[in-house]
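Topology and contacts: notes
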Amino acid sequence: MSENHTETPRDSGPHQHAHAAPTTQQIRTVGQRRRAAEEKLEHHLEEARHKVEHHEETAHEATKDSAADGEK
């Protein structure tokens, strides 16, 4: 038959480490990585915004040039 066994914090089973509280250093590392990822994302978003603005300006100028050529 099966045994009734409930794990306690003192059990040294294979999954105990996954449930342990993170250390201060681990929390700091996660925070640093998160900040770096957020900065990187913001940088990519800014680049994308500039590309869209540049593309829109170029398209607008091309439209104006085409209209001016049509009037001549």
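We now turn to the structure provided with this report. Just so it is clear, the model here is predicted, and its values are computed rather than measured.

**Quick notes on the pattern of salt bridges**
Tallied over the full model, the rule gives 2 salt bridges. The closest approach of N and O atoms between Arg49 and Glu42, which form a salt bridge, is 3.5 Å. We classify Glu42 as partly exposed; its relative accessible area is 38%. One salt bridge connects Arg49 with Glu46, and the closest N-O pair in it is separated by 2.7 Å. With Arg49 and Glu46 both in helix H2 (residues 24-71) and 3 residues apart, the pair spans about one turn of that helix. The network of salt bridges with common partners includes Glu42, Glu46 and Arg49.

**Focus on a negative patch on the surface**
Judged by side-chain charge, Glu53, Glu56, Glu57, Glu61 and Asp65 come together as a negatively charged surface patch. Within the secondary structure, Glu61 is located in helix H2.

So, how was this worked out
- Residues numbered from 1 in each chain as written.
- Predicted model: local features only at pLDDT ≥ 70, side-chain atom pairs only at ≥ 80, totals over all residues.
- Heavy atoms only, no water.
- Salt bridge = Lys/Arg side-chain N within 4 Å of Asp/Glu carboxyl O.
- Buried < 20%, exposed > 50% of the residue type's maximum accessible area, 1.4 Å probe, protein only.
- Helix = DSSP H or I, 4+ residues; strand = E, 2+ residues; numbered from the N terminus.
- Patch = residues over 30% accessible without salt bridge, like charges linked within 9 Å, V, L, I, M, F, W, Y side chains within 5 Å.
- Areas by Shrake-Rupley, 256 points an atom, 1.4 Å probe, with all protein chains shown as cover.
- Lys, Arg positive; Asp, Glu negative; His and termini not counted.
- Charge placed at Lys NZ, Arg CZ, Asp CG, Glu CD.

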